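Chain by chain, the residues:
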Amino acid sequence: MSEPRVVYLTGGAQGIGLGIAEHLLARGDCVALTDIDDAALAECRERLGHAERLLAMVSDVRDEARVAESLEATVARFGRLDGVIHNAGLADPFQGLVESLDLATWQAYLDTNLTGAMLCAKHAVPHLRASHGAMVLMASTRALQSEPDTEAYAASKGSVVALTHALAVSLGPEIRVNAISPGWIEVGDWQKAAHRAPVEHREIDRDQHPVGRVGRPEDIAAMAAFLLSDQAGFITGQNLVVDGGMTRRMIYAE
Ligand code: NAD
């Protein structure tokens, strides 16, 4: 993979995606990011700067034609494609009681979190084959463990982990594919202005993480950048948990 890289990133206008975009631009990469939120896109263009290496587009990961068009626009602008990060997601894990979970809600989670990943992969593959590139799909520690009333989110993220190893086996050796499972990442201060919230964590929130703090978008950005790099050349089909050790801590009720 050549440096600097050309990276296509979904859901890049806010939250973890915005953190990833900032990190990649700071290391000199070209970033083509998509989002469905117009206001957030306008604000992120301002915040990120680097207009010569940034393409920020409206595109919905559920819309196959737009996914294909935005990938083509990326290659037209920057000349190639080295990496894809499917980060866009319905990120609220709670859908309510399973006995009243409506089919439209279930479907919405699968469409954005899972089908969006498949559509990005489908249309990026010819370009990534040419560059011997890599793909990163955003899963969640909720693919591995649950709180009550999170069936749609958990199932969508568990499926992302399965899609990751299926793609890695199908697309190797030219293309590597890995998932990241973030734990609790604080994104309240990485939203568009109208939704930005002051962030406060309790001691108990910090203490349940062996590293002593809640996660930040930069923590996930660093892992995504590594997985796209040649340094990760022997890693594919994996689900990398980035959670400050939260899921390693054994908890007994008092
Ligand atoms: P966020 O809501 O802050 O950001 C998500 C972005 O994706 C938004 O800008 C939104 O407009 C965009 N988006 C939503 N639907 C889209 C679509 N159909 N097409 C294109 N863009 C779309 O969420 P976040 O917390 O930054 O989460 C990002 C990813 O990380 C998600 O996949 C989420 O499930 C995963 N994740 C987050 C956490 C966490 O603690 N924040 C933990 C585990 C996994």
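Whatever comes next refers back to the structure up there.
Reading the values: the criteria
Residues numbered from 1 in each chain as written. Predicted model: local features only at pLDDT ≥ 70, side-chain atom pairs only at ≥ 80, totals over all residues. Heavy atoms only, no water. Helix = DSSP H or I, 4+ residues; strand = E, 2+ residues; numbered from the N terminus. Buried < 20%, exposed > 50% of the residue type's maximum accessible area, 1.4 Å probe, protein only. Contact = heavy atoms within 4.5 Å. Areas by Shrake-Rupley, 256 points an atom, 1.4 Å probe, with all protein chains shown as cover. Lys, Arg positive; Asp, Glu negative; His and termini not counted. Charge placed at Lys NZ, Arg CZ, Asp CG, Glu CD. Salt bridge = Lys/Arg side-chain N within 4 Å of Asp/Glu carboxyl O. Near = heavy atom within 4 Å. Polar contact = N/O pair within 3.5 Å; in protein donor to acceptor, adjacent residues only side chain to side chain. Nonpolar A, V, L, I, M, F, W, Y, C, P; charged D, E, K, R; others polar. Pairing = 2+ DSSP bridges. Axes fitted to C-alpha atoms, helices over the stretch in contact; angles between N-to-C directions. Core = buried A, V, L, I, M, F, W, Y, C linked by side-chain atoms within 4.5 Å.

(A) The overall build of the protein, seen in detail. Tallying secondary structure elements over the protein gives seven helices and seven strands in all. Element order for the protein, N to C, with α for helix and β for strand: β-α-β-α-β-α-β-α-β-α-β-α-α-β. Each of the three principal axes of the protein carries a C-alpha extent, and together these read 60 × 40 × 40 Å. Split into buried and exposed, the 254 residues of the protein put 48% on the buried side. Sequence-distant contacts, at least 24 apart, represent 73% of the contacts inside the protein between residues at least 6 apart. Summing over all exposed atoms, the protein offers an accessible surface of approximately 12,000 Å²; the carbon and sulfur share of this is 55%. Computed over 22 positive and 34 negative side-chain charges, the separation of the two mean positions in the protein equals 5 Å.

(B) How the structure looks around the pattern of salt bridges. Enumeration according to the criterion identifies 13 salt bridges in this entry. Where R47 meets E22, a salt bridge forms, and the shortest distance between an N and an O atom there is 3.0 Å. On the criterion of sequence distance, the pair formed by R47 in helix α2 (residues 38–48) and E22 in helix α1 (residues 15–26) is long-range, its members being 25 residues apart. The exposure class assigned to R47 is partly exposed, which follows from its relative accessible area of 38%. What makes E22 partly exposed here is its relative accessible area of 30%. A salt bridge links E147 to R142, with the nearest nitrogen and oxygen atoms 2.7 Å apart. Linked by salt bridges that have partners in common, R5, R27 and D29 make up one network.

(C) How the structure looks around the site of the ligand. Around the ligand, the surrounding shell holds 27 residues, and the nearest of these are I16, D35, N87, Y153 and Q191. Between the ligand and Q14 there is a distance of 3.0 Å, counted from an oxygen atom to a side-chain nitrogen or oxygen. In the environment of the ligand, an oxygen atom lies 2.9 Å from a nitrogen or oxygen atom belonging to the side chain of Q191. The protein chains hide 89% of the 830 Å² of surface that the ligand would expose on its own. Taken together, the residues of the shell around the ligand break down into twelve nonpolar, ten polar and five charged.

(D) Seen up close, the sheet that holds strand β6 (residues 176–182). Taken together, the seven strands give an open sheet; going across it, the order is β3-β2-β1-β4-β5-β6-β7, and neighbouring strands pair in parallel fashion. This sheet does not close on itself; its edge strands, each paired only once, are β3 (54–58) and β7 (239–242). Neighbour-to-neighbour, the strand axes of the sheet open up by a mean angle of 15°, direction not taken into account. As paired strands, β6 and β7 are joined by four bridges and run parallel to one another. Directly across from S181, in β7, lies its bridge partner V241. Together, β1 (6–10), β4 (83–86), β5 (134–138), β6 and β7 form the strand contacts of helix α7 (residues 217–228), whose direction differs from that of β6 by roughly 170°.

(E) Quick look at the environment of Q238. Here Q238 lies in the loop between α7 and β7. Residue classification places Q238 among the partly exposed residues on the basis of a relative accessible area of 43%. When the C-alpha atoms of Q238 and T10 are compared, they prove to be 20 Å apart, with 228 residues separating the residues in sequence. Residues in contact with Q238, not counting those within four places in the same chain, are T164, V177, N178 and A179.

(F) Geometry of the nonpolar core. By size, the foremost hydrophobic cluster in this structure holds 33 residues, and its most contacted members are I20, V31, L33, L48, I85 and I180. For this core, the elements supplying multiple residues, two or more each, are β1, α1, β2 (30–35), α2, β3, β5 and α7. For this core, the leading source of residues is α7, giving seven residues. Discounting chain neighbours no more than four positions away, the residues touching I85 are V7, Y8, L9, T10, I20, L24, V136, M138, A224 and L228. Listed in part, the 31 residues of the second largest apolar core include V75, V84, A121 and L171.

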